[in-house]
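Inside the fold
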Amino acid sequence: MAAPCAQEIRILLFAGLREQAGWAEQQWPADPNGASTLTPRQLWSMLQLPGDLDRQVRVAINRQFADADTPLKPGDELGFLPPISGG
Amino acid sequence: MAAPCAQEIRILLFAGLREQAGWAEQQWPADPNGASTLTPRQLWSMLQLPGDLDRQVRVAINRQFADADTPLKPGDELGFLPPISGG
Amino acid sequence: MQLRINLHSTSFEPLVALARWQEDQQHGGIANSAAEAVFVGRVRGVAADGCELEVLELEHYPGMTEQQLERLALDCCQRHGVNSCLVQHRIGRVLAGEAIVLVAIGADRRGPAQRCCQELLEALKHDAPFWKREWRADGSSEWLTGNTPL
Amino acid sequence: MQLRINLHSTSFEPLVALARWQEDQQHGGIANSAAEAVFVGRVRGVAADGCELEVLELEHYPGMTEQQLERLALDCCQRHGVNSCLVQHRIGRVLAGEAIVLVAIGADRRGPAQRCCQELLEALKHDAPFWKREWRADGSSEWLTGNTPL
């Protein structure tokens, strides 16, 4: 048995990107059979997120940096991260 | 009036050099008229100090690093410093 | 390799964190390293645009930030062959003058300790998910989109 | 520029020295720097030849060592434009594990703080008159004629 939300992709936005988009988190239905693959880049377009994905945003899949063209699986956690400024 | 030992040059040895030479400090009479100048290199030879002055020893005059051929004045403090290892 | 990483949602005192780290290692029978390099970063009282800064807000990605800090620290420490690594990082609202980050590296020699401390600081500034927002005295705020220059 | 240099003939605790330095600056109305780089060096338990080390004896040139440390610190701090500099150095008989040297640099940015701390450490290792003699467990001793490699 899959976890309740294992059929979905959880999408997280942070900091300035979250405020520009006007939301922090969304669940996106995933194809449970994996017949059609979805990538962060496709979701970025479909969600009409603001700005240039390649130049301004880093992608994290399941809390690890990943390429924007990595196929997503049901249950994945996808983060779109605007420019980092820690330390 | 000059200080009691102002007519002399005070010579100091340190660490391994002091132990090899067998003494830590000497007073060397200086020419009060400055007619004949004496250099650290000349004193190194006259005192028959062990080792190679140019390769192994640094000279300090009045507590500042100096060239071995600097003319000494009465009252100067001359230090012969073996290789340093601080910090 | 001794590793400790903590995120603090309230202010922390770097010297107290260092003393506790040292004590805990000694209680564990681990001697102080011959060389220790430490870096402490604090909030400036001035915003990027020169205005007075009231508060620096530090957002993070719960779960990923901790994991990423650990990955960066392990990688850097392994590359330099050091003995111990302490990272303390603030999150939340940080007042001017308060510490944001502490990195302390213990090693057998000064070179690896210093290099590892520097590199880990750069790594966490560029590759750990933290976002800074400057709150000015007039109530306005702005997200920073990069780090201060080296 | 805030500068403090001390030679200690008995053991000193680096974190205590740092805390006191920080307190004294705050009492003087001087805020903590945005970036602070610290280095602590301790006596290894092993001599240069691999034997167990009992005691490290540190000889200095009274008068010149203090002056030279101040010259080196002022020169290095000026070159890097930093705000504060604390140097604490042991002399006399230092036991394995005890601190020999502490260098702490406060600056507006991490780059100058880290570079100044590193360069001042190298400067005092090579250009301040200190001499180390290793005393081994069997009572034999030897003067070191150079520094440990970076």
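Rules used in this analysis
Residues numbered from 1 in each chain as written. Chains lettered and ligands numbered in written order. Predicted model: local features only at pLDDT ≥ 70, side-chain atom pairs only at ≥ 80, totals over all residues. Heavy atoms only, no water. Axes fitted to C-alpha atoms, helices over the stretch in contact; angles between N-to-C directions. Helix = DSSP H or I, 4+ residues; strand = E, 2+ residues; numbered from the N terminus. Parallel < 35°, antiparallel > 145°, perpendicular 65-115°, else oblique. Contact = heavy atoms within 4.5 Å. Nonpolar A, V, L, I, M, F, W, Y, C, P; charged D, E, K, R; others polar. Pairing = 2+ DSSP bridges. Phe/Tyr/Trp six-rings, centres within 6.5 Å; stacked < 30°, edge-to-face > 60°. Buried < 20%, exposed > 50% of the residue type's maximum accessible area, 1.4 Å probe, protein only. Lys NZ or Arg CZ within 6 Å of the ring centre and 35° of its normal.

Here we look at the packing of helix α1 (residues 14–27) of chain C against helix α1 (residues 14–27) of chain D
- In the contact formed by α1 of chain C and α1 of chain D, the axes pass within 10 Å of each other and the chain directions differ by 170°. Compared by their axis directions, α1 of chain C and α1 of chain D come out roughly antiparallel. Residues Leu 15, Leu 18, Ala 19 and Gln 22 of chain C of α1 of chain C form the contact with α1 of chain D, whose own contacting residues are Leu 15, Leu 18, Ala 19 and Gln 22 of chain D.
- Taken together, the residues of the contact of α1 of chain C with α1 of chain D break down into six nonpolar, two polar and no charged.

Regarding the sheet that holds strand β1 (residues 8–13) of chain B
Residues and elements named next belong to chain B.
- The five strands lie next to each other as β2-β1-β5-β3-β4, forming an open sheet whose pairing is mixed. Sheet topology places β2 (25–29) and β4 (64–66) at the edges, where each strand pairs with a single neighbour. Pairwise comparison of adjacent strand axes, ignoring direction, gives a mean angle of 30° for this sheet.
- As paired strands, strand β3 (residues 58–61) and strand β5 (residues 77–81) are joined by four bridges and run antiparallel to one another. Bridge pairing links Val 59 to Phe 80 in β5.

Examining the packing of aromatic side chains
- Inspection of the entire model under this criterion finds six aromatic pairs over all chains.
- Summarising the aromatic geometry, the rings of Trp 44 of chain A and Phe 80 of chain A are spaced 5.0 Å apart at their centres and angled 70° between planes, so their arrangement reads as edge-to-face. Pair noted here: Trp 44 of chain A is in helix α2 (residues 40–46) and Phe 80 of chain A is in strand β5 (residues 77–81), with a separation of 36 residues, a long-range link.
- The class of Phe 80 of chain A is buried, set by a relative accessible area of 0%.
- Every member of this aromatic cluster is reached through a ring pair, and the members are Phe 14 of chain A together with Tyr 61 and Trp 131 of chain C.
- Sitting over the ring of Phe 65 of chain B, Arg 58 of chain B keeps its end group 3.9 Å from the ring centre.

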